[in-house]
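# Coordinates in review
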Amino acid sequence: MSTTPPTSPRPRLPSPLQELRDDRFTRHGLTLALKRDDLIHPDLPGNKYRKLSPNLAAAVAAGHEVLLTFGGAYSNHLRATAAAGRFLGMETIGVVRGDELAERPLNPSLTQCAADGMRLHFVDRSTYRRKTDPEVLAALLRATGAGHPYVIPEGGSNSLAVQGCTALGEELRGHAHTAAVACGTGGTLAGMAAGLAPDQRALGIPVLKGGFLGPEIRALQERAFGAPTANWHLDERFHFGGYARTPPELTAFANDFEDRHGLPVERVYVAKLLYALTALSEEGAFAPGTQVTAVITATEPAPPAAQSSTSR
C-alpha cells in the first residue's frame, strides 16, 4: 500500500493458494483450493486490504485527516479501517448500527477498533438504514464532530474498492474454474468477477438474508466498469438466518473443518462459504473435474492485549 508508513507490515501479494484434500469434494471428482487472502496483512486481511488501499490513497491525496465509515457490531471493515488509521496517523470514526450497543460491553471486534483509536458512534437501526441520505449523513457528521472526513461506505464497497478487487480475479486466472467468495456488500465479488479470465465463473455466497445483493453488485460494476459482467451468480440459501448468525449446525461444520484441515475458520463469512461449497458439492452442482477455489477473506479478531508492540 503506497500510503502506508514503514511501520506497517508489507502486504503478502499475491496471496497464497492452498490446495486441500477433502473427501467431500474428491469423491465427486472435484478439487478444493483456498485463496488465502486472510494472509495478505495481519491487520487488513483479505478483501479489506484490496478494498481499502485505493480509498486510503485517495483520502491522503485529497488531504483528509479523518476517515469515517460504517458497520455492524462484528464488522471486519470497521476493524480494518481502524488499523489503517493507526498506520497512517489518521483519526477514524466508526458509525455502528444499534444504539443499544452503547450501553453494553464492547465485543472483541469493537474492542479492537477502540484499541486502534477508532471513535465509535452508535446509532439506532432506523437512522443507520438511511445513512446514505444526504440529510442523515450531514446530521451524522455534525453529531460526530467529524468536520470534513473522507467517507468510506459500509463494507468499503465503492468504485475504487471494486477496481482494487480486480487484482484478486487476475491472481486466480488459471487457478480456478469456479472462484467463490462470501458476500456482505458485494464489492469483492464485483471486482473479482471482472478480473477473471473469460472461461472462469464467480460464485457469491451472501451472508445476509433479503435477496437484495444482486442489483447492488450490478450497480457496483456499472459504476466501476461501465457495465456489469455476466460471469457471476449468487446462491442465497446459506445465510443461516442473517449476518453474524451462527446456529449449532454451522458451528459444528466449522469445528469439523478445523479438525480435518488444521485451519481456523472465521464464523461470520468463511464458515458460511465453506459450508455452501460443501453442500453444493454433495448436490452435484459442479461438474467432475472442476477446481473450486474459495477466497478466504476474513479472520477472527485477536484480543488487543495479544498483539505485539511492533504491529501497533
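Whatever comes next refers back to the structure up there.
In short, a report on the structure. (Residues numbered from 1 in each chain as written. Predicted model: local features only at pLDDT ≥ 70, side-chain atom pairs only at ≥ 80, totals over all residues. Heavy atoms only, no water.)

### Looking at helix α3 (residues 76-88)
The end-to-end C-alpha distance of α3 is 18 Å, a good match for the 18 Å that 13 residues give at a rise of 1.5 Å each. A large share of α3 lies buried, amounting to 13 of its 13 residues. The N-cap residue of α3 is S75: its side-chain oxygen and the backbone nitrogen of H77 are 3.2 Å apart. Following α3 by one or two positions, G89 adopts a phi angle in the positive range, close to 70°. (Helix = DSSP H or I, 4+ residues; strand = E, 2+ residues; numbered from the N terminus. Expected span 1.5 Å × (residues − 1). Buried < 20%, exposed > 50% of the residue type's maximum accessible area, 1.4 Å probe, protein only. Polar contact = N/O pair within 3.5 Å; in protein donor to acceptor, adjacent residues only side chain to side chain.)

### Remarks on the sheet that holds strand β8 (residues 201-206)
Picture the strands of a sheet paired through backbone hydrogen bonds; they go either parallel or antiparallel. Here 6 strands make up an open sheet; going across it, the order is β1-β2-β10-β7-β8-β9 and the pairing mixed. The sheet is open, and its two borders are formed by β1 (17-20) and β9 (232-234), each paired with just one other strand. On average, each strand axis in the sheet is inclined to that of its neighbour by 25°, with strand direction left out of account. In this sheet, strand β10 (residues 291-295) lies alongside strand β7 (residues 178-183) in parallel orientation, the contact comprising 4 bridges. Looking at β10, one finds that A179 is bridged to T293. (Pairing = 2+ DSSP bridges. Axes fitted to C-alpha atoms, helices over the stretch in contact; angles between N-to-C directions.)

### So, the environment of Y243
Inspection of the secondary structure puts Y243 in the loop between β9 and α11 (248-261). Through-space distance from the C-alpha of Y243 to that of A73 is 10 Å; in sequence the pair is 170 residues apart. Residues in contact with Y243, not counting those within four places in the same chain, are Y74, S75, R97, V207, L208, V268, Y269 and K272. In this structure the side chain of Y243 is engaged in a polar contact, spanning 3.3 Å, whose partner is the backbone oxygen of Y74. (Contact = heavy atoms within 4.5 Å.)

### What about the pattern of salt bridges?
Inspection of the entire model under this criterion finds 20 salt bridges. Ionic pairing is found between R24 and D22, a salt bridge with its closest N-O pair at 2.8 Å. No difference in accessibility class separates R24 from D22, as the two residues are buried. A salt bridge links R50 to D37; the nearest nitrogen and oxygen atoms lie 2.7 Å apart. Of this pair, R50 sits in helix α2 (residues 47-61) while D37 sits in the loop between β2 (31-35) and α2, and the two are 13 residues apart along the sequence. Of the two residues, R50 and D37, neither departs from the other in class, the shared state being buried. (Salt bridge = Lys/Arg side-chain N within 4 Å of Asp/Glu carboxyl O.)

### With respect to helix α10 (residues 213-225)
Here α10 spans 18 Å end to end across 13 residues, near enough to the 18 Å set by a 1.5 Å rise per residue. Turning to α10, its buried residues number three or more, namely L213, G214, I217, L220, Q221 and A224. Seen along its axis, α10 keeps its buried residues to an arc of 125°; they face one direction. In this structure, the buried residues of α10 make contact with α7 (159-164), β7, α9 (187-195), β8 and β9. At the exit of α10 stands G226, carrying a positive phi of roughly 95°. (Arc of directions from axis to C-beta.)

### Focus on the pairing of strand β5 (residues 119-123)
The pairing of strand β4 (residues 91-97) with β5 spans 5 bridges and is parallel. Pairing of V96 across the sheet is with F122, part of β5.

### With respect to the packing of aromatic side chains
The description of two aromatic rings rests on the distance between their centres and on the angle between their planes. For the coordinates displayed, the defined rule picks out 6 aromatic pairs. Ring geometry for Y243 versus Y269: centroids 5.8 Å apart, planes at 70°, classification edge-to-face. With Y243 in the loop between β9 and α11 and Y269 in the loop between α11 and α12 (270-283), this residue pair connects regions lying 26 residues apart in the sequence. What makes Y269 buried here is its relative accessible area of 11%. Their ring planes at 75° and their centres at 5.2 Å tell us that F253 and Y275 sit as a pair that is edge-to-face. One end of the pair, F253, is in helix α11; the other, Y275, is in helix α12, with 22 residues separating them in the sequence. No difference in accessibility class separates F253 from Y275, as the two residues are buried. Geometry around F87 places R86 over its ring, the cationic atom sitting 4.8 Å from the centre. Directly above the aromatic system of Y128 lies the positively charged group of R97, at a separation of 5.3 Å from the ring centroid. (Phe/Tyr/Trp six-rings, centres within 6.5 Å; stacked < 30°, edge-to-face > 60°. Lys NZ or Arg CZ within 6 Å of the ring centre and 35° of its normal.)

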